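# Structure at a glance
Here is what each chain is made of, one letter per residue.
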Amino acid sequence: MNGTARRSIWRVAWWQGGLIAVFLVTLPPGCEQGRLVSEAATYETPDSTLPLSAYTDGMLAPLPERAPAPTPITLLGRRLFFDRLLSEDQKVACADCHVFRMGGTNGQYRTTLPERGPTAVNVPTVFNLAYLFRFAWSGKFDDLGVQIDAAMKLPEAMATTWEATTARIGRSRSYRQAFKRTYADGLNEANVRDALVRYCLSLITPGSRFDEFLRGRVELNALEQSGYRVFREYGCVSCHQGINVGGNMYQKFGIMSDYFGQRKDASKADLGLFNSTGREEDRHVFRVPSLRNVALTAPYFHDGSAKTLEVAVSTMGRVQLGRELDDGQIAALVAFLGTLTGKMPESEAQ
Amino acid sequence: MILRRLGYSAVVGGAALLLTVSYMVTSSVDGEAAALYESRLRKLSAQNYRRVSELLLVRAGLVRQFDSLATTEGRLRELHHALKNSVPTFLRGAERERFERALRASAENRREAEATVERLKRDLAVLRNSLGFLVSLAREPSDAAADKSPAGTEVARVLDGVLRDILTLEITHDEDAHRKAKEALARLDREDPNAWPKIDPALVRLHAGLVVERSVAVDSSARSLASRPTEKLTKELINLYLIGHRSATVRDGIIRGIALILFFATCLAIAAYVILRLRRAAAELRRTGILLEGAVVSLEKEKNKQTELAELKNRFVQTTSHEFRTPLSVILSSAEMLAAYKEWPLRKKEQHLGRIRASALDMTRLLEDVLLIGRAESGGLSYRPAPFQLADFCKEVAGLAGQAEGTPARVMARGSVANVTVLADENLLKHVIGNLLSNALKYSPPIEPVELGVELLAGELLFVVRDHGIGIPLEDQRHLFSTFHRGTNVGRVRGSGLGLSIVKRAVDLQGGSIDVVSQPGAGTTVSVRVPVENLSL
């Protein structure tokens, strides 16, 4: 074998060694499986630093002291929330129904938006959603994203699709850039939805007088205290319980007496969870709504039939608890419910 | 052939390697993702346990709000969602099918359990509420109204009895408690509303009925939840996953091994291919080198031959022109003189005529020599043995040589070869010995004798021709047998330079050998051996 051949063999050995090295370095980790950029939105956990003794009787708990700090994603979500670009005809924004100073609702019995029919139900609040176990009045959605999907599709609301919305948003250079800055994969349907979901979950109303009372920092006045007593002793708290004063269970509307039989304008929405499960036991069953900021969110119930809080309290006492509450008790309860009003999140309108 | 096979196997091996690696990439176990998935499965199991314990705490009234239960439910839901959406790719075929079936069963079980939990929460809230109502009622009349009126006391007694029976049901749930609770309800039905001062007994009956109803419902929900195969389903799910993971890991190992083997085999094939190619190229090169070398050598030989030929031609022209010119000029001058001096005496005329004849003879001999060598060169001369008398042959040759050189007496033949008849080519031998003797006579002083020795040895004849002449210079001895080559010391002695060439060829034709020993100025001895057959024995 001559010198040239030997050199060539060395060269081959070099290449082979190099290839083996590359092979060994690249092979073992396998391929990185695509991770979702945005994992499913996680719920805020209750304030666990608080001693248990602070929960006066373990049925109610205060919200965290502060709403979560804004992140680039929630800021983007806020911009979308207030932008009429989201609706098909660009005449409606999320904020048109969910008015912040009105407790995240809009004070209407049925909402009729421009060039749209009236909604089937009263507008529910958009606050403290992070502590709801289900969404919509009937609690048919177990994911906020699905709830928003429905609102986007609803002819009475946004009347659009994510695809169309994303395309509309995509025409704005500043949106494109904002999404590019915020998400690794930039503007797409999933990220528009994600931004909205995260923003809605960040809308917390901390700092209510009742929370301060639970923390032992303020005293409730006599009327409020007596309302709180009635709230507990008469059993309101059996259902309106937990951190959100409601929103962690289902209950039948009309335990003690038939609420819907007494009304004239019955609608499909009155069937509640039955509409989505078809189970007889779910007839007239609704998600127990949160009572936080309830003083701001008139009219009440899914059908908006109670124009004032007094009427709502009275109806609840009769239909759910089997008690006729006297005016004093109602006044006390209303006074107590007023302490549940927290600090509204900042709206862009400010 | 083997090269092509190696090339094919490198290509096939490379393709197989690519396929294997791509398969591995799409279906191998991603450690991180697998760990995440397994942790989710374990979390599912843990959250299932947690739900049961939380439910029991809630049922026992030790935890009164449903938040954490709802959170657990939410986590279970999310876990199932995540598990369903990220079934690892390494689970394949039947294993994947089984796993997904188990996952669906687990999800279905979760949905049903969730509905049960929700029902339980609902019933529990109502139960608590009505219990609270009854307790507050019972406390109020006993404390305040009882002392004032007998009716109040009676109501308090009835209420306490109802409460006792219903609470007993809440605690024991046996047949007896059920019966007693129903009796208590029946008692309430019989109460007279007018006897009750503050509250409608129907409302009390409603709440009491709700307590009994919901208490039974709550416990039936709890039992149904407890009897759910949740644990079994989760365990099976984890088992199926682990089995799939293990087999995928083994498969991964095997495939990785195959890939490694394929890789090395491909590398080996490529390396062998390259090495063989190189070796083949080297061999080719070597062969070409040898061929080239041979070509160069033969070219050189050819060139030498050409040079030799050119030299030969030169020598021929030189020699012949010289050798011819001399006799021709002698002939010319003699002829001219004969023509000019017709008055010369006859003797003188004859003398010139003799010169002319001698010159012509010289030329004839030279031509004969040239012709002879031409015949020898072209193979026209051949060995034709015939018997002849050796002594006669010697005498004849010696005589002929002496005659030709004009000094007949100088050749002294020696040897005991009388009456010896041999079988050899007399003609060739004549050329040999004649030329040798002629040379010896020409190049030695006229007074010196030339010896011709003949000896018959076993199967061969040895002739020795010895003179004491001028000898042959050393450098000329190398070209002894070249045609037209003459010694540098020949002086004016005439010759063609063909004699020894003819001798050499004739000896070679007979298969003999020739040996020349010479010393310049001292003489030359030439020994010739030729094989013969002694016919006289």
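Residues numbered from 1 in each chain as written. Chains lettered and ligands numbered in written order. Predicted model: local features only at pLDDT ≥ 70, side-chain atom pairs only at ≥ 80, totals over all residues. Heavy atoms only, no water.

## Details of the overall build of chain A
What chain A contains, in helices and strands, is 13 helices and two strands. Taking all 350 residues of chain A together, 53% fall into the buried category. Long-range pairs, those at least 24 residues apart, make up 69% of the contacts in chain A with a sequence separation of at least 6. Carbon and sulfur atoms make up 56% of the accessible area of chain A, which amounts to about 16400 Å² in all. (Helix = DSSP H or I, 4+ residues; strand = E, 2+ residues; numbered from the N terminus. Buried < 20%, exposed > 50% of the residue type's maximum accessible area, 1.4 Å probe, protein only. Contact = heavy atoms within 4.5 Å. Areas by Shrake-Rupley, 256 points an atom, 1.4 Å probe, with all protein chains shown as cover.)

## Considering the sheet that holds strand β4 (residues 450-457) of chain B
Residue and element names in this part refer to chain B. In space, the five strands of this open sheet follow the order β2-β4-β5-β7-β6, with mixed pairing throughout. Each edge of the open sheet is held by one strand with a lone partner, namely β2 (411-414) and β6 (513-519). Between one strand axis and the next, the sheet turns through 15° on average, direction left out of account. The pairing of β2 with β4 spans four bridges and is parallel. Bridge pairing in β4 links Val 411 to Val 450. Along the sheet, helix α10 (residues 390-405) contacts β2, β4 and β5 (460-466); its crossing angle with β5, the most-contacted strand, is approximately 25°. Against the sheet, helix α13 (residues 499-510) engages β6 and β7 (523-531), with an angle of about 145° to β6. (Pairing = 2+ DSSP bridges. Axes fitted to C-alpha atoms, helices over the stretch in contact; angles between N-to-C directions.)

## Observations regarding the packing of aromatic side chains
Residue and element names in this part refer to chain A. Counted under the stated rule, the structure contains 28 aromatic pairs over all chains. Measuring from centroid to centroid gives 5.4 Å for Phe 82 and Phe 100, while their planes differ by 70°, and the two rings are edge-to-face. Here Phe 82 is found in the loop between α2 (72-81) and α3 (94-97), whereas its partner Phe 100 is found in the loop between α3 and α4 (144-153), with 18 residues between them in sequence. Assigned by exposure class, Phe 82 and Phe 100 land together as buried. Each ring, one from Phe 100 and one from Phe 127, has its centre 5.2 Å from the other, and the planes form 65°; the classification is edge-to-face. On the criterion of sequence distance, the pair formed by Phe 100 in the loop between α3 and α4 and Phe 127 in the loop between α3 and α4 is long-range, its members being 27 residues apart. Note on accessibility: Phe 100 and Phe 127 belong to one class, buried. (Phe/Tyr/Trp six-rings, centres within 6.5 Å; stacked < 30°, edge-to-face > 60°.)

## Comments concerning helix α13 (residues 327-338) of chain A
All names here are of chain A. Here α13 spans 16 Å end to end across twelve residues, near enough to the 16 Å set by a 1.5 Å rise per residue. When α13 is considered as a whole, its buried residues turn out to be Gln 329, Ile 330, Ala 332, Leu 333, Val 334, Ala 335, Phe 336 and Leu 337. Of the surrounding elements, those touching the buried residues of α13 are α8 (209-214), α9 (222-233) and α12 (309-321). A distance of 3.1 Å separates the backbone nitrogen of Gly 328 from a side-chain oxygen at the start of α13, and that oxygen is part of Asp 326. (Expected span 1.5 Å × (residues − 1). Polar contact = N/O pair within 3.5 Å; in protein donor to acceptor, adjacent residues only side chain to side chain.)

## Description of the packing of α12(A) against α13(A)
The axes of two packed helices give the description: the angle between them and the distance between them. Residues and elements named next belong to chain A. Across the interface, α12 lies against α13 with an axial gap of 10 Å and an inter-helix angle of 115°. Relative to α13, α12 is oriented roughly perpendicular. Crossing of α12 against α13: the hand is right-handed. Two secondary-structure elements touch here, α12 through Leu 309, Glu 310, Val 313 and Ser 314 and α13 through Ile 330, Leu 333, Val 334 and Leu 337. (Parallel < 35°, antiparallel > 145°, perpendicular 65-115°, else oblique. Left-handed = near helix turned anticlockwise from the far one by under 90°.)

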